[in-house]
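# Descriptive structure summary
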Amino acid sequence: MYGLVNKAIKDLVTDNHGDEAWQKVCEIAEFHEGDFISMSPYPDKLTFTLVGAVAQVLKADATDVLEAFGEYWILYTADQGYGNLMDLSGKTFVEFLGNLDMLHYRIANMMPELRPPMFTTRNEKSNSVELEYRSHREGLVPMLYGLIRGLGKRFDMVVKVEQIETRSSEENPHVFLITW
Ligand code: HEM
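Now for a quick tour of the structure.

Parameters at a glance
- Residues numbered from 1 in each chain as written.
- Predicted model: local features only at pLDDT ≥ 70, side-chain atom pairs only at ≥ 80, totals over all residues.
- Heavy atoms only, no water.
- Helix = DSSP H or I, 4+ residues; strand = E, 2+ residues; numbered from the N terminus.
- Rg over C-alpha atoms; globule rule 2.2 N^0.38 Å.
- Buried < 20%, exposed > 50% of the residue type's maximum accessible area, 1.4 Å probe, protein only.
- Arc of directions from axis to C-beta.
- Pairing = 2+ DSSP bridges.
- Axes fitted to C-alpha atoms, helices over the stretch in contact; angles between N-to-C directions.
- Near = heavy atom within 4 Å.
- Polar contact = N/O pair within 3.5 Å; in protein donor to acceptor, adjacent residues only side chain to side chain.

## Quick notes on the overall build of the chain
Secondary structure assignment for the chain yields 6 helices and 4 strands. In the chain, the order of α-helices and β-strands from amino to carboxyl end is α-α-α-α-α-β-β-α-β-β. Taking 180 residues into account, the globule formula puts the C-alpha radius of gyration at 16 Å, and the chain, at 16 Å, falls close to it. By the burial criterion, 46% of the 180 residues in the chain qualify as buried.

See the structure below:
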């Protein structure tokens with residue numbers, strides 16, 4: 001994944017737990033380069049190793065780390081020069097969810113090696129919507145809970161997220177029921 005993701009993990013840890021905690025993460029993950037280059041791709045394995053190391057240092061579950069990271073990502077990207085792009089992606093929560101592929105498509109113009117997730121909204125009702133999530137990667141479902149809640153906050157909404165379908169093959173998506 002692009003360095004921007006790893007950098008966000010680093011900032012999440014240093015913001016909330018200080019530099020020392022991050023140094024321990026780097027030792028466990030055997031990452032000795034000091035920092036990440038936002039616009040360079042890194043192996044996915046490094047990102048997953050970092051998440052595992054953060055969980056170890058904070059004595060937390062990796063799923064909780066991923067969820068916290070998802071929520072942080074919404075604020076982080078808005079703060080890292082992608083605020084305009086976020087503003088362009090929807091005036092309402094549901095509109096934004098429907099534009100997630102467009103958002104990543106625009107990012108792929110700047111990050112040609114991006115392997116973005118794919119999203120589809122369905123069954124929209126006045127206080128709920130379902131979100132299909134497809135990915136080239138496994139193991140990121142917990143991050144979705146944080147992302148969706150963080151996105152809700154961006155629109156001053158308290159949203160409830162529940163996974164109603166689990167991917168059983170390449171073609172099937174994970175599906176989340178989001179209510180507010
Ligand atoms: C301007 C804001 C955003 C930027 C700059 C951004 C950028 C990225 C980048 C760089 C990656 C790593 C993929 C790779 O390097 O191959 C990624 C992955 C991902 N993004 Fe975004 N993103 C943004 C907003 C969002 C939002 C709002 C959501 C959902 C609510 C989202 C959902 C995801 C997910 C789930 C992944 C993990 C990849 C996977 O599932 O395979 N992103 N994004």
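We are not done yet, so read on.
## Considering helix H5 (residues 100-110)
Along an α-helix, residues three or four apart share an orientation, since each turn contains 3.6 residues. Of the residues making up H5, those classed as buried are Leu100, Leu103, His104 and Ile107. The buried residues of H5 all sit within an arc of 90° when viewed along its axis, so they share a single face. In H5, those exposed residues whose orientation departs by more than 90 degrees from the buried face are Tyr105 and Asn109.

## Focus: the sheet that holds strand S4 (residues 174-179)
Taken in spatial order, the 4 strands line up as S1-S2-S4-S3 in an open sheet, and their pairing is antiparallel. Only two strands of the sheet have a single partner each, and these edge strands are strand S1 (118-125) and strand S3 (160-165). If you compare each strand with its neighbour and ignore which way they point, the axes differ by 25° on average. Pairing geometry for S3 and S4, over 5 bridges, is antiparallel. Within the sheet, the bridge partner assigned to Lys160 lies in S4 and is Thr179.

## Quick look at the site of the ligand
The environment of the ligand is made up of 24 residues, and the closest members are Tyr2, His104, Arg115, Tyr133 and Ser135. The side chain of His104 places a nitrogen or oxygen atom 3.0 Å from a nitrogen atom of the ligand. The side chain of Arg137 places a nitrogen or oxygen atom 2.9 Å from an oxygen atom of the ligand. The leading source of residues in the shell around the ligand is helix H3 (residues 62-88), at 5 residues.

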